[in-house]
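# Coordinates in review
Okay, here's what each chain looks like letter by letter:
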Amino acid sequence: MMESAETALAPAAQTLTVRAPAPFTGKKIAVVGAGPAGMACAHRLAMLGNGVTVYEARSHERMQAAPLLMLEEEGAQQELERLTALGRVRIEHGCKLGEQVDLAALHLSHDAVFLGVGLAAGRVLSLTGDDAPGLLDAGRHLAAVHCTEDLLALPVPHRAIVIGAARGAVDMAARLKRLGAHDVTLVYRHGLEADGYEEQTARASYVRLRAWASPLEVLRDERGSVQGVRFEQTRLRDGRLVDTGGFTEIAAHAVFKAVGRAGGEHFQRDEAASRLSHEGDRVRVDPCLRTALPGIYAGGDCVAPGQGIAMALRHGALAAQTIHADLQS
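Residues numbered from 1 in each chain as written. Predicted model: local features only at pLDDT ≥ 70, side-chain atom pairs only at ≥ 80, totals over all residues. Heavy atoms only, no water.

## Some thoughts on the pattern of salt bridges
Using the criterion set out here, one finds 9 salt bridges in the structure. Here glutamate 92 makes a salt bridge to arginine 90, at a shortest N to O gap of 2.4 Å. Residue aspartate 326 is joined to arginine 290 by a salt bridge in which the shortest nitrogen-to-oxygen separation is 2.9 Å. Of this pair, aspartate 326 sits in helix H11 (residues 309–328) while arginine 290 sits in the loop between strand E14 (282–283) and strand E15 (296–298), placing them 36 residues apart in sequence. You can call aspartate 326 partly exposed: its relative accessible area is 25%. (Salt bridge = Lys/Arg side-chain N within 4 Å of Asp/Glu carboxyl O. Helix = DSSP H or I, 4+ residues; strand = E, 2+ residues; numbered from the N terminus. Buried < 20%, exposed > 50% of the residue type's maximum accessible area, 1.4 Å probe, protein only.)

## Describing the pairing of strand E1 (residues 28–32)
Working note: regular strand, side chains alternate between the two faces of the sheet. Most of E1 is tucked away, with 4 of its 5 residues classed as buried. By the bridge criterion, 5 bridges tie E1 to strand E2 (residues 51–56) in an arrangement that is parallel. Across the sheet, valine 32 pairs through a bridge with tyrosine 55, a residue of E2. Running through helix H2 (residues 36–47), the crossover from E1 to the neighbouring parallel element E2 is right-handed. Pairing geometry for E1 and strand E4 (residues 112–115), over 4 bridges, is parallel. Counted as the bridge partner of isoleucine 29 is alanine 112 from E4. (Pairing = 2+ DSSP bridges. Right-handed = clockwise from strand over helix to strand, strands pointing away.)

## Some details on the packing of H2 against helix H4 (residues 76–86)
When two helices pack together, their arrangement is given by the angle between the helix axes and by the axis-to-axis distance. Packing of H2 against H4 brings their axes to within 10 Å, and their N-to-C directions diverge by 70°. What the angle tells us is that H2 and H4 run roughly perpendicular. Relative to H4, the crossing made by H2 is left-handed. Side by side, H2 and H4 meet where Met39, His43, Ala46 and Met47 of the first sit next to Ala76, Glu79, Leu80 and Leu83 of the second. Taken together, the residues that form the contact of H2 with H4 break down as 6 nonpolar, 1 polar and 1 charged. (Axes fitted to C-alpha atoms, helices over the stretch in contact; angles between N-to-C directions. Parallel < 35°, antiparallel > 145°, perpendicular 65-115°, else oblique. Left-handed = near helix turned anticlockwise from the far one by under 90°. Contact = heavy atoms within 4.5 Å. Nonpolar A, V, L, I, M, F, W, Y, C, P; charged D, E, K, R; others polar.)

## Overview of the sheet that holds E2
Taken together, 5 strands build an open sheet; the order of strands is E3-E2-E1-E4-E15 and the sheet is parallel. The open sheet has two edge strands, strand E3 (89–93) and E15, and neither has a second partner. Across the sheet, the mean angle from the axis of one strand to that of its neighbour is 20°, orientation sign disregarded. Running at roughly 170° to E4, H11 makes contact with E1, E4 and E15 of the sheet.

## Points about the side chain of threonine 291
As for its placement among the helices and strands, threonine 291 is situated in the loop between E14 and E15. In terms of polar contacts, threonine 291 uses its side chain to reach the backbone amide nitrogen of leucine 293, at 3.2 Å. Looking at threonine 291, its side chain comes within polar contact range of the main-chain oxygen of isoleucine 296, at 2.8 Å. Excluding residues that lie within four positions of it along the chain, threonine 291 makes contacts with Leu276, Val283, Arg284, Val285, Ile296, Tyr297 and Ala298. (Polar contact = N/O pair within 3.5 Å; in protein donor to acceptor, adjacent residues only side chain to side chain.)

## Focus: H4
Taken residue by residue, H4 has Ala76, Gln77, Glu79, Leu80 and Leu83 as its buried positions. Down the axis of H4, the sector holding all buried residues measures 160°, keeping them to one side. Turned more than 90 degrees away from the buried face of H4 sit Glu81 and Ala85, all of them exposed. Those residues of H4 hidden inside the fold are in contact with H2 and E3. One or two steps after H4, the chain reaches glycine 87, where phi turns positive at roughly 90°. (Arc of directions from axis to C-beta.)

## A closer look at the environment of alanine 254
Along the chain, alanine 254 falls in strand E12 (residues 254–258). The class for alanine 254 is buried, based on a relative accessible area of 6%.

## A short note on unusual backbone geometry
Unusually for a residue other than glycine, tyrosine 206 sits at a positive phi of about 60°. You can see tyrosine 206 is positioned in the loop between helix H8 (197–205) and strand E8 (208–210). By relative accessible area, tyrosine 206 is classed as exposed at 68%. For leucine 289, which is not glycine, the phi dihedral falls at a positive 75°. Tracing the backbone shows leucine 289 in the loop between E14 and E15. Residue class for leucine 289 comes out buried when judged on its relative accessible area of 0%.

## Remarks on the environment of serine 225
Residue position: serine 225 is located in the loop between strand E9 (213–220) and strand E10 (226–237). Counting along the chain gives 28 residues from serine 225 to histidine 253, while the straight-line C-alpha distance between them is 7.9 Å.

Honestly, it's all geometry; don't read function into it.
Here's what the structure looks like:
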């Protein structure tokens, strides 16, 4: 299925050559999710003359603190900023699908809806103080690495903690060291994998390893920013992970969550979204990213999980082209 979407994408990505937005069509489209797919879709739709409202779960402050999303087309980032200033694109923060945002209501109040919510953010950690500046999602940081030509422009913490599970976490920790972080500690709730991959990779990258530690609390400085994390020591008892009552604190200027993805949570919370046709964790779409519900489109990780930022950006552009053509016809 996705091969067809990629084939259908090729001509669509080249259709937009005019850099001034087209006259307003009077159509209003809702975009759920301000990630790569959602913002690429919003940009293209607005350039084609449509009004777009983006519904994003993160606050404005959290979005500002996140790595900058770079759109693929030359000048697209500047165009998006101008379109936002003109009111062609609006971003509503604190709007999570299935909670503050209802898909059926969006469908009634807009001419079309694009779902770019991904599979979900990194799994939620049971951490006190998890709203502290400096607590980051590892996946979003990796996205910025892939989208940024000048890696020296990326902010790199002096001390960092990666709270992880399996290979994605150790790869993230090793990347931070290569980018210039002075001290990186990789922390696991459980023991290390038997194949030794984590230990070998960490040693080769000069990453500290700390196993059997469960995160409890983000420690803050006087400005409220991350200062470190307090962990409780763990162990296995009868095959179950339990706390031992011992505690340790590790200092850090940034903490990266690399504890896996939680598939389908957005759609389970929303009645209309749960009726979308699925293939496992993925939303089923046609080659032009239409879902089984008329007027509802989807792209990015929720359609092709793990395919990366470039694919999400192209999905957003293709979905916008499809939505615009469908509304005009």
